[in-house]
Amino acid sequence: MKKFFAAALIICVFALPAVSEDKPYKTIRVGFDVTYTMPAMGALNAQLNNEASDISEMNAGIACMLDLEAAPAPFIMTGLRGGYIYCMPASATYLLGTVKQTINAALIPLEIGVSTNFGLESKPVSIMAGIYGGYGFASASYENNYDVLGVTAKAVQPYDGAGFVGEVMASINYKMDSGFSVNINGGYRLAKIMQLKQSSDVSYIDSLGISHTAGEKDDILRDSDDNDLVYDFSGFNIGAGISMGF
């Protein structure tokens, strides 16, 4: 995914001289944004606080988003929006410090939407607003490190799930030349993944050579009350980006 965004950015930069012809409005827009996001992982954090100690909650993340839009009418753009959202890990300890757990989570949203961009007369500044909707593919991993009376082991349980993703956003854009702009953007993303399942069978061997099972494929991730543990990537976003229009 990182290589994909790097390649897209390089293409945008080298294509700029060829597409910078000034027009009343742009018929194609390619954009790349990097934002700080605040996922609403209330259910996960509550679970950690109910059961663990030395807790580091999951409250922040970084989103890299790529847009490809076309204009069916002046100043109206429709197209695709996708990216990768990485949440800063949560961590906790259990059973008097004998189990240390690290939780990673990410979301890949794929959306379609519509946006509009209005310039300020005689100024290199414009305001863009958009709304998008689609599907998001979530992943989470639970890494458990065991140390019980000197017997050590490590197990990583992967989970995945999917659900609806919606987003509203706006940006203030500053035109560097006829085809290239930088922006400051903000918005809100709705992305509540109601269920995650273990994506593979997991077993591990401890330092004594004894094999253990850490869950089976399609096991549902549940909380202490045996309810599905909801992973909520919803939250506000703020960041900066670049775009190319032609």
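Residues numbered from 1 in each chain as written. Predicted model: local features only at pLDDT ≥ 70, side-chain atom pairs only at ≥ 80, totals over all residues. Heavy atoms only, no water.

J.: Help me understand the environment of Asn-144, please; the structure alone is not making it clear to me.
T.: Relative to the elements of secondary structure, Asn-144 occurs in strand β6 (residues 125-148). The exposure class assigned to Asn-144 is buried, which follows from its relative accessible area of 4%. Here the alpha-carbon distance between Asn-144 and Val-156, two residues twelve residues apart in the chain, equals 6.3 Å. Of note is the side chain of Asn-144, whose polar atom sits 2.9 Å from the side chain of Gln-101. (Helix = DSSP H or I, 4+ residues; strand = E, 2+ residues; numbered from the N terminus. Buried < 20%, exposed > 50% of the residue type's maximum accessible area, 1.4 Å probe, protein only. Polar contact = N/O pair within 3.5 Å; in protein donor to acceptor, adjacent residues only side chain to side chain.)

J.: Is there a simple way to explain the environment of Thr-35 in this structure?
T.: You can see Thr-35 is positioned in strand β1 (residues 28-37). Take Thr-35: its relative accessible area is 4%, and that puts it in the buried class. Separated by 150 residues in sequence, Thr-35 and Asn-185 have C-alpha atoms that sit 8.0 Å apart. The contacts of Thr-35, once residues within four sequence positions are left out, are Gly-61, Ile-62, Ala-63, Asn-185, Asn-237, Ile-238 and Gly-239. (Contact = heavy atoms within 4.5 Å.)

J.: Is there a simple way to think about empty space enclosed by the protein in this case?
T.: Scanning all chains against the criterion turns up two cavities of 30 Å³ or more. Empty space within the largest cavity amounts to approximately 50 Å³. Those elements that place two or more of their residues in the lining of the largest cavity are β7 (151-175) and β8 (180-190). Looking at which element gives the most residues to the lining of the largest cavity, the answer is β8, with four residues. Within the lining of the largest cavity, the residues separate by chemical class into two nonpolar, five polar and three charged. (1 Å grid on protein atoms, 1.4 Å probe; cavity = no way out; pocket = protein on both sides within 12 Å on 5 of 7 lines; lining within 4 Å. Points joined across faces, edges and corners; volume = space filled by probe spheres on them. Nonpolar A, V, L, I, M, F, W, Y, C, P; charged D, E, K, R; others polar.)

J.: Where do I start with the pattern of salt bridges in this structure?
T.: It is possible for side chains bearing opposite charge to pair when their charged atoms get close. Under the criterion given, the structure shown has eight salt bridges. Here Arg-81 ties to Asp-67 by a salt bridge, and the two come within 2.8 Å at their closest N and O atoms. In this pair, Arg-81 sits in strand β4 (residues 76-94) while Asp-67 sits in strand β3 (residues 61-73), placing the two residues 14 residues apart along the sequence. Since its relative accessible area comes to 4%, Arg-81 is described here as buried. (Salt bridge = Lys/Arg side-chain N within 4 Å of Asp/Glu carboxyl O.)

J.: How should helix α2 (residues 42-51) be read in this particular structure?
T.: Counting along an α-helix, one turn takes 3.6 residues, and residues three or four places apart therefore face a common direction. Within α2, the full set of buried residues consists of Leu-44, Asn-45, Gln-47 and Leu-48. One side of α2 carries all its buried residues, which in axial view fall inside an arc of 155°. Those residues of α2 hidden inside the fold are in contact with β2 (53-56), β4, β5 (99-119), β6 and β13 (231-232). (Arc of directions from axis to C-beta.)

J.: Could you clarify how one ought to interpret the nonpolar core in this entry?
T.: For soluble globular proteins, the rule of thumb is that nonpolar side chains tend to be buried together. Within the largest apolar cluster, 28 residues are counted, with the highest numbers of intra-cluster contacts made by Leu-44, Met-58, Ile-103, Leu-107, Tyr-142, Tyr-231 and Phe-233. Take this core: its biggest share by element is five residues, from β4. (Core = buried A, V, L, I, M, F, W, Y, C linked by side-chain atoms within 4.5 Å.)

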